[in-house]
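Spelled out from the first residue to the last, the chains are:
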Amino acid sequence: DLADGITVDYDFVYVSGRQGFFEGRIKKYTRVLGGTVWSATIPITSGGERSNGEDIIVDKWGNVLVSGFKAKISGYVPGAIWRFRSDGSFLDETLWYGPVADPDNDFYGICASPSGGIAVGGYQAKAGSVNYDWVINKYSTPGVLEASLAVNQNPVIPGVLFRTVLTVSNTGGEAVTNV
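None of these values were measured; they are calculated from a predicted model.

With that settled, consider the environment of Ser 86. Looking at the secondary structure, you find Ser 86 in the loop between strand E7 (79-84) and strand E8 (90-96). Overall, Ser 86 belongs to the partly exposed group, its relative accessible area being 41%. Taking the C-alpha atoms as reference points, Ser 86 and Asn 63, separated by 23 residues in sequence, lie 5.2 Å from one another. In this structure, Ser 86 is in contact with Lys 28, Trp 38, Gly 62 and Asn 63, ignoring residues within four places of it in sequence.

Turning next to the sheet that holds strand E3 (residues 23-30). Spatial ordering of the open sheet is given by E1-E2-E3-E4, a layout of four strands whose pairing is antiparallel. The open sheet has two edge strands with one neighbour each: strand E1 (2-9) and strand E4 (36-41). Taken over all neighbouring pairs, the strand axes of this sheet differ in orientation by 15 degrees on average, direction set aside. Taken together, the seven bridges between E1 and strand E2 (residues 12-19) define a ladder with antiparallel strand orientation. Paired with Ala 3 across the strands is Gly 17, a residue of E2.

Attention now goes to the confidence of the model for the chain. Summarising the model, the chain shows a mean pLDDT of 78, and 73% of its residues fall at 70 or more. Segment residues 158-163 is flagged for pLDDT under 50; beyond a separation of four residues in sequence, or across chains, it makes 11 contacts in the model. Contacts from residues 169-179, a stretch scored under 50 in pLDDT, to residues over four places away or in other chains number 19 contacts.

Rules behind the numbers
Residues numbered from 1 in each chain as written. Predicted model: local features only at pLDDT ≥ 70, side-chain atom pairs only at ≥ 80, totals over all residues. Heavy atoms only, no water. Helix = DSSP H or I, 4+ residues; strand = E, 2+ residues; numbered from the N terminus. Buried < 20%, exposed > 50% of the residue type's maximum accessible area, 1.4 Å probe, protein only. Contact = heavy atoms within 4.5 Å. Pairing = 2+ DSSP bridges. Axes fitted to C-alpha atoms, helices over the stretch in contact; angles between N-to-C directions. pLDDT = per-residue confidence, 0-100.

What follows is the structure in structure tokens.
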């Protein structure tokens, strides 16, 4: 088992990662005694798929959002965002295939704004190359891509471990309305 993401929300601790050979899992624990409240598997739609929950947050409605990847053993690897209700039941999934025909993408970081916007960061396959680019995607609502920014100044090299950390900050004393 491998835990990749962790977040604390009031009296609970949420952890994302994988169990066994890339079976994406999330767990909700009580903060005080550490007991498991619920455990959920990231859904797959056919045999041979893999998934991993890289980062995890709780939005203003209490939904649990997980970023990561969903892949078939021989084929596409889209970046993914999964949403679960506060009771651990599955809500929906957003997959992002990027700009190339045979994508290899992963979302390592996720954050949400009070207005409901979501931003994820990770890497994407680079067209015509074996290199990868950093990518940040902004969603106005789950499944609705508002903007995508690829940064190729420092290419990501497969096999090199890296993490993307995203935060929403407000130092100006005004309400944050956009991610």
